Each structure stands twice: as C-alpha cells, then as structure tokens.
Amino acid sequence: MARTKLKLSTYYISMLKLSDINSVHFIGAGGISLSALAKLMLKLGKKVSGSDICYSQTVMELNEEGARIWIGNQPRLLSPLPDLAVYSSAVPQCDKELVYCRLNNVPTMERHEFLALCAKEFECVIAIGGTHGKTTACALTGHIFKCAQKSFCAHIGGDALGMGNLYYTGKEYFITEACEYKKSLLSLSPHIAVVLNAEIDHPDTYADIEEIYAAFDAFLFSDKNRLALANSDSVYYKQHLQNQNSALLTFGTSEHSDFILSDIQEYADGYFSFSLSYRQSPLLTVKLSIPGIHNIYNASAAIAVSYMLNTPPDTIKEAAQSFKGVRRRFEYKGMLKGADIFHDYAHHPSEIRAVIDCAKKLCKGRLLVAFQPHTFSRTSALFDDFATAFNRCDEVYLVREYSARENGCQGKSAYELFKKLHNKNSYYFDDFITLAKHLVDKLSAFDMLVVMGAGDIVKLCDLLV
C-alpha cells in the first residue's frame, strides 16, 4: 500500500477498503472486541501486530496464532509501518503508538469504524443491540449457525463456550454486537438489526433516555431496506415504539408479536423452557441449558433471526438446547469450603437483579454477592437504582470501583454507593486480597458467592478458587 507524505484526510480514510490493507496494528489488542478483529485479520491472511498494557491469555493466544503482540507503548517496534492502525475507545489520543502512526501518515481508525469496515466484506450483516443480553444473543445465533453449517463469522463481545470471541467459516453472514457506547452502533449498516432492550447505561454518552431511544431508532430504521426486530416486552418498545412502525418485526409474550413466546416454564431450578410460534404458526419448544428467565428473550432473538434466514426449526431447537453460554455470564468458577462460586459480568442494576433472581433459585444456603462498580459516571447516574439492587441477597460486599476511562470527579465512588445500600448486611473493601481473606473465613457449605462486575473483579475468583 503506497504511503502519502501528506496528512491523511477523513475522506481518504473513509474510502479505505479491507482489500487495500495487508497489515494492521491493534492498540489495545488484548481487549475482547479488538482481539476478535485481530483474529479475523489473521483468518483473512493479513499481517497483524499490536500492543496492550499488560500480558494476558488473549495476548498469548494472538501470538500463538501468528500475530506479533507486545506489552507497553513501543513505537520503535512499528517497523515496517502497518497499512492501518486500529485503537480501542479506552486508548487516549496521546498514546505514543497512535501519535507515531499519525505522524508517519498511517491511517488510524477507532474500533467501531474498523468493525464496520470488516462487516462490509460479508453478504449479510446481523447486528444485535441492547443494553443487556447482546453478547449471549450473538453467541447463541453463532452457535445455531455453526450447527446449521452456515458460512459465517461471529464477532462476540465475550468468550462463548465452543467458539471463543471470533468464529469464522466463511463470508456469507456476519454476526456482531451493536454497542451503544459512543453511539458506535450507528457505524454499522446491518441487513438485520435487533434490539433486545434499551436503558440508561452510558451516562457519559447519553444525556437522557430519549437520546438513547433516538440512537436505537436510528440503528433500527435508518435504512428502509433493513429488517428490524425488537423485543415487544421491553420498556423501549412499550413506551416508545408501539404503534409507531408497521415495518418492525417483534418477539415477546404479546399475542400481537410476530414471534410469540408462550408456555414459559421453570423445568428445573433456574432453568426455563418455552414455546415460540411465528404469526400463530408453532415453530418449536426449547429447554435452555443456560439459567435465568431473562435468557428466554436472548434465545428468542437468536431463534427468530435464524428462522428468518431459512434455518430448519429442528436444527434451531437442537442448537438452542445444546448452547452452554458465555464465560463471565453466570459462569461457575469452582468451590471453596463447600460454597459454590460464580462470576457474572453484570454491572447495571437490571442485570444485577436478574442474576440475583437466578442465583436465588439455585442457592441452597446463603447468597453472598461481591460487586465492583464500573465507572464513576454509571454509579452516579444509577445511584438510587444500585442502592436497592442487592436487597434479595443475604450479604453484599462492595469493592473499590473499576474507574476504566474516568476519574473520581466524574461521578460517585464505590464507597459512596456502599453507604447508600439498603441491604444492611453490607461491607466495603479497598482491595481483592483483603476481601478474599474475609470470604475464606465467612463462606460455609451450601452458600453461594456470586462475584459481579465488568472490571477486574474476576481476580477475586482466582484468589478464592
């Protein structure tokens, strides 16, 4: 790829095609989405380099697959220069490698822009959005496609059991999450757009719920040829979309839905079965192998998409029932002193309540929850909702927040939330080691500990198990 000595324009970058690019450098390569895109580039025969702030299993896997990933900012290692540099939203504009690339006229793209560029390589793009559940819905859709032996690529925002975060067999279908952070979902132009739900989750991006609804509206309806699917049981649909758009397909318990959910039963503690019909015509009955009633909606979305793309109902049913889930989504980590330990990515009050409801059905003793708030702004925006989210557990342990891209002046801290909690059996810890020592003394047989958060609180599980 020829390199100009002139400063690269936004127009020039927007005209880039993946076929023009032979080498890509990823800044923040260890991230769940960026590492998946790096794997895709390797699958497509591109040269891949990258960097991250710390060593991880993901970095090791990328190197084993043929990438050249190093730790820390090391611009001197960018030789020869890549054709393109891609960076995550967590990377600051002053990052040394990012600055070096721009000074040397290497085109740079943020993750969501590069994701959109990759999506254009596929015949049909399926994008699943929503505040909650999109990772599970994407992973299950990919699992169904895998069982149906379709030509597809699944780009998943988590480590799906049996697929990882990137699964590739061909270029007919591209399944991806549509993330609403920084309105990234609007970079995509999917043929099939799905919205599971919509709530306030990124107060640093959206001023209010109406702005969130507007972003999801644009995602669903900006292209009149787009097939749009939404959850008719969601507040987003009931308060905002209902009776507004006749072209919208829906799934839910309402008899007016296109895909009707019925006969929902708890066939085992925490595990649910349901039937799904399409415009009054029965399709299938499924017993899910992942717990939680909230997963019937994630499964319904995946089933609906698969059915609309001519996947046989018998294949869909078999795949849906054999799906084992995604790591960090109520993932069993092991046992300590007879107590079961689970980890979940939940970092929003609605997600926390859903996980606690699921855990209560499975727990035979006390339910203990350890939670790490994720970002000051989210904690502040949802402060009162967080305060009551833990009411149903026996004890709750808050640990110092995962600040991510923020600083303390942007909202409220974990300690401030601890003082606000309605659950009186609550405790606060500054670090994982002290909390782990406390839990070793506290846990007993038949207890269940659920470790929650989107930050690095998974380290607590590693200390305990």
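Check the entry above for the structure.
Let me sum up the structure you'll find in this document. (Residues numbered from 1 in each chain as written. Predicted model: local features only at pLDDT ≥ 70, side-chain atom pairs only at ≥ 80, totals over all residues. Heavy atoms only, no water.)

**Considering the packing of helix α6 (residues 134–147) against helix α10 (residues 313–322)**
Two elements in contact, α6 and α10, have axes separated by 9 Å at closest approach and are oriented at 130°. As the angle between them shows, α6 and α10 are arranged oblique. Where α6 crosses over α10, the handedness of that crossing is right-handed. The residues of α10 that touch α6, namely those facing Leu140, His143, Ile144 and Cys147, are Thr315, Ile316, Ala319, Ala320 and Ser322. Its residues placed into classes, the contact of α6 with α10 shows 6 nonpolar, 3 polar and no charged. (Axes fitted to C-alpha atoms, helices over the stretch in contact; angles between N-to-C directions. Helix = DSSP H or I, 4+ residues; strand = E, 2+ residues; numbered from the N terminus. Parallel < 35°, antiparallel > 145°, perpendicular 65-115°, else oblique. Left-handed = near helix turned anticlockwise from the far one by under 90°. Contact = heavy atoms within 4.5 Å. Nonpolar A, V, L, I, M, F, W, Y, C, P; charged D, E, K, R; others polar.)

**Things to note about the nonpolar core**
By size, the foremost hydrophobic cluster in this structure holds 51 residues, and its most contacted members are Phe26, Met41, Phe114, Phe174, Phe219, Leu220 and Tyr236. Contact partners of Phe26, with chain neighbours within four places excluded, come to Leu34, Leu37, Ala38, Met41, Val48, Ser49, Gly50, Ser51, Val86 and Phe114. (Core = buried A, V, L, I, M, F, W, Y, C linked by side-chain atoms within 4.5 Å. Buried < 20%, exposed > 50% of the residue type's maximum accessible area, 1.4 Å probe, protein only.)

**Observations concerning the environment of Leu435**
Mapped onto the fold, Leu435 is located in helix α15 (residues 432–442). Among the residues examined, Leu435 registers a relative accessible area of 0% and is labelled buried. For Leu435 and Gly325, which are 110 residues apart along the polypeptide, the C-alpha to C-alpha distance reads 28 Å. Those residues in contact with Leu435 that sit more than four places away from it in its chain are Ala370, Tyr397, Val399, Phe429 and Leu460.

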